[in-house]
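A structural walkthrough
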Amino acid sequence: MKQTILKRVGVIALGALIVTSTQAMAQTAANSATTDTHTHTHKDEGPSLVDAAAVQARSLSDWVGDWQSLYPLLQDGTLGAVMDHKAENGEKTAAEYRAYYEVGYKTDVERILIDGSSVTFFRDGQPVQGQYAEDGYEILTYESGNQGVRFIFEKSGGDEAAPRFIQFSDHKIAPTKADHYHLYWGDDRAELLTEVTNWPTYFPAALSGAEIAAEMMAH
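Comments concerning the packing of aromatic side chains
Summed over all chains, the structure comprises 14 aromatic pairs. Seen from their ring centres, Tyr101 and Tyr105 are 5.0 Å apart, and the 40° between their planes marks the pair as tilted. Of this pair, Tyr101 and Tyr105 both sit in helix H5 (residues 94–105), four residues apart, roughly one helical turn. As far as the burial class goes, Tyr101 and Tyr105 line up, both buried.

Quick notes on the pattern of salt bridges
Taken as a whole, this structure holds nine salt bridges when the rule is applied. Note that Asp170 is salt-bridged to Arg58, the shortest N-O span being 2.8 Å. With Asp170 in the loop between strand E7 (165–169) and strand E8 (181–186) and Arg58 in the loop between helix H2 (36–39) and strand E2 (65–69), this pair connects stretches of sequence that are 112 residues apart. Side by side, Asp170 and Arg58 carry an identical accessibility label, which is buried. Among the salt bridges present, the one from Arg164 reaches Glu154, with a minimum N-O distance of 3.0 Å. With Arg164 in the loop between strand E6 (147–158) and E7 and Glu154 in strand E6, the pair connects residues that are 10 residues apart, well separated along the chain. Taking the relative accessible area as the measure of exposure, Arg164 reaches 41% and is therefore partly exposed. Taking the relative accessible area as the measure of exposure, Glu154 reaches 24% and is therefore partly exposed.

Quick notes on the pairing of strand E3 (residues 111–115)
Consecutive side chains of a regular strand alternate in pointing toward one face of the sheet and then the other. Burial of the side chains of E3 is restricted to one face: Ile112 and Ile114 are buried, whereas none of Arg111, Leu113 and Asp115 on the reverse face is. Where E2 meets E3, four bridges bridge the pair, whose relative direction is antiparallel. Note that in E3 the partner of Trp67 across the bridge is Ile112. Taken together, E3 and the strand that follows it, strand E4 (residues 118–123), pair antiparallel across an intervening segment of two residues, in which Gly116 is found at a positive phi of about 65°.

What counts, and at which threshold
Residues numbered from 1 in each chain as written. Predicted model: local features only at pLDDT ≥ 70, side-chain atom pairs only at ≥ 80, totals over all residues. Heavy atoms only, no water. Phe/Tyr/Trp six-rings, centres within 6.5 Å; stacked < 30°, edge-to-face > 60°. Helix = DSSP H or I, 4+ residues; strand = E, 2+ residues; numbered from the N terminus. Buried < 20%, exposed > 50% of the residue type's maximum accessible area, 1.4 Å probe, protein only. Salt bridge = Lys/Arg side-chain N within 4 Å of Asp/Glu carboxyl O. Pairing = 2+ DSSP bridges.

In structure tokens:
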């Protein structure tokens, strides 16, 4: 797979960061080119690299489920405690972290439903649906030296308004069920890979805002 360095495109403006294991920490670079915040790396640890030999193809079944965007939770203050927690352990103020995630989480797609090969995007409750097939993955190298993996799917049918490509980043590099993910989408595969500042993030719809906040602070 070719390596690429990551810009925003999209038919629908779509797409938190929690790391649940050491392996997950190795993959968080898939969403940020220049900051330690989103990648969960620390200055004295050096770049977070991907073992290319360990990367395996993944099917859409890894992301099957009903998912909610974190953006509304950031806007309504539900994630305020998370920003305070980050400020206690990081290099930014809570307000600075909120501004950072305001850009990262921003999306007008509040819900995504994935069932089989079908992906349905909900904007203001209105669905747009597409059928998607595997289109490989890309190992990305960022300006920071960190690396990450995007798993890519191309539209094979469905609504004309559905994006041609969707790209998942969930800090994992082999088949496994996602517990959250960042999603990028648009009609130009290569250009979409250049997006590093906006990474709409989704958690299971069954979780309450308080449960999501608690989970984020636990990591």
